[in-house]
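The primary structure of each chain is shown beneath.
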Amino acid sequence: MCFGMSEPGAGSDATMIKTRAAENDTGWHITGRKIWTTNSPFADYCIVFAVTDPDRALRKAGGISAFLVPTSAPGFKVESIIRMHGAIGGTEGALVLEDVRVEPWQLVGELHEGFKIGMLGVSIGRIYNSARAVGLGPCAMELALAYAKQRKAFGNPISAYQGVTFPLADSAMELHAAHLMALNAAALLDRGERAVKEVSMAKAYAAQAGARAIDRAIQTHGAMGFTNEVGLVHAYADVRAVNVADGTNEILRRTIAQRLLSGDVEV
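Residues numbered from 1 in each chain as written. Predicted model: local features only at pLDDT ≥ 70, side-chain atom pairs only at ≥ 80, totals over all residues. Heavy atoms only, no water.

Engineer: It is not clear to me how unusual backbone geometry should be interpreted in this structure. Could you clarify?
Structural biologist: Both trends apply: most residues other than glycine have a negative phi, and most peptide bonds are in trans. Even without a glycine there, the phi angle at His112 is positive, about 70°. Mapped onto the fold, His112 is located in the loop between strand 8 (107-108) and helix 2 (114-150). Judged by relative accessible area, His112 falls into the buried class, the value being 16%. The phi dihedral of Asp246 is positive, around 55°, even though this residue is not glycine. Looking at the element boundaries, Asp246 is found in the loop between helix 5 (232-242) and helix 6 (249-261). (Helix = DSSP H or I, 4+ residues; strand = E, 2+ residues; numbered from the N terminus. Buried < 20%, exposed > 50% of the residue type's maximum accessible area, 1.4 Å probe, protein only.)

Shown next as structure tokens:
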């Protein structure tokens, strides 16, 4: 599966999508472009979000629908693979849909209410990305601690120097907080609550804490931290992307502030 929401002109503001689904007697014909569609180079199906009621979409009152589209459908094309972080391949794709025919059974959820489905997917993605950061951060910290114990400089293991160990202590505190924030947000979702503020807080904090922890681990290793063998550079690239995926840190702060101003101030 892949998730076709983002477009060249619609990233953080997903309501700006231009892909259109024109209705006919047997269903719809979808035309448009998508970008940053993870898994699209090898996915079998794509959830495609398209405008089905331009007037409602313009008023941000619905008007966007979701469709289950086989990637083998005529008119569906992965135009290019977006290569990132210096890799020779990639999992992100740019898509072109040219008059792709879909039938009524391919509509996901209610007509014109697909944006709600999209936001649910993004919300789940924020919890998932919190987990990525909370998982990779401690792994990097443990590598740094092990290296600091065995690497010697000026007659002592570098773990004897506060300049090395205090940043790792900071990582431990931040990752512990990120873990608890993510668990709390997940528990609220399990109870059926929307937890918009809590999910946004957890994801933004975890993504940044994870990236800082890996950066500190690289610094602890010195030049070794940049080698492919240690794996920290791959972890850093992964978690650095989390700071953008499923809502940038800036968008999440905007959401948190809006919730606070609306009276959601419980902590």
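Engineer: For this particular structure, what's the right way to read the nonpolar core?
Structural biologist: In summary, soluble globular proteins display a tendency toward joint burial of nonpolar side chains. Among the nonpolar cores identified, the biggest contains 18 residues, and Ile214 and Leu232 are the most heavily contacted of them. Of all the elements, helix 4 (residues 196-221) adds the most residues to this core, at seven residues. Once residues within four sequence positions are removed from consideration, Leu232 is found in contact with Ala140, Leu143, Ile214, Ala217, Ile218, His221 and Gly225. By size, the runner-up hydrophobic cluster in this structure holds 16 residues, among which are Ala21, Trp28, Phe67 and Val100. (Core = buried A, V, L, I, M, F, W, Y, C linked by side-chain atoms within 4.5 Å. Contact = heavy atoms within 4.5 Å.)

Engineer: Hey, could you run me through the packing of helix 2 against helix 5 in this one?
Structural biologist: Any two packed helices are characterised by the angle at which their axes cross and by the distance between the axes. Closest axis-to-axis distance for the helix 2/helix 5 pair is 10 Å, and the angle between their directions is 150°. If you check the angle between helix 2 and helix 5, you find them roughly antiparallel. The two elements helix 2 and helix 5 meet at a crossing, and its hand is left-handed. Residues Asn129, Arg132, Ala133, Leu136, Ala140 and Leu143 of helix 2 touch helix 5, and the partners they reach there are Leu232, Ala235, Asp238, Val239 and Val242. When grouped by side-chain class, the residues that make up the contact of helix 2 with helix 5 number eight nonpolar, one polar and two charged. (Axes fitted to C-alpha atoms, helices over the stretch in contact; angles between N-to-C directions. Parallel < 35°, antiparallel > 145°, perpendicular 65-115°, else oblique. Left-handed = near helix turned anticlockwise from the far one by under 90°. Nonpolar A, V, L, I, M, F, W, Y, C, P; charged D, E, K, R; others polar.)

The analysis is restricted to geometry; functional conclusions fall outside its scope.
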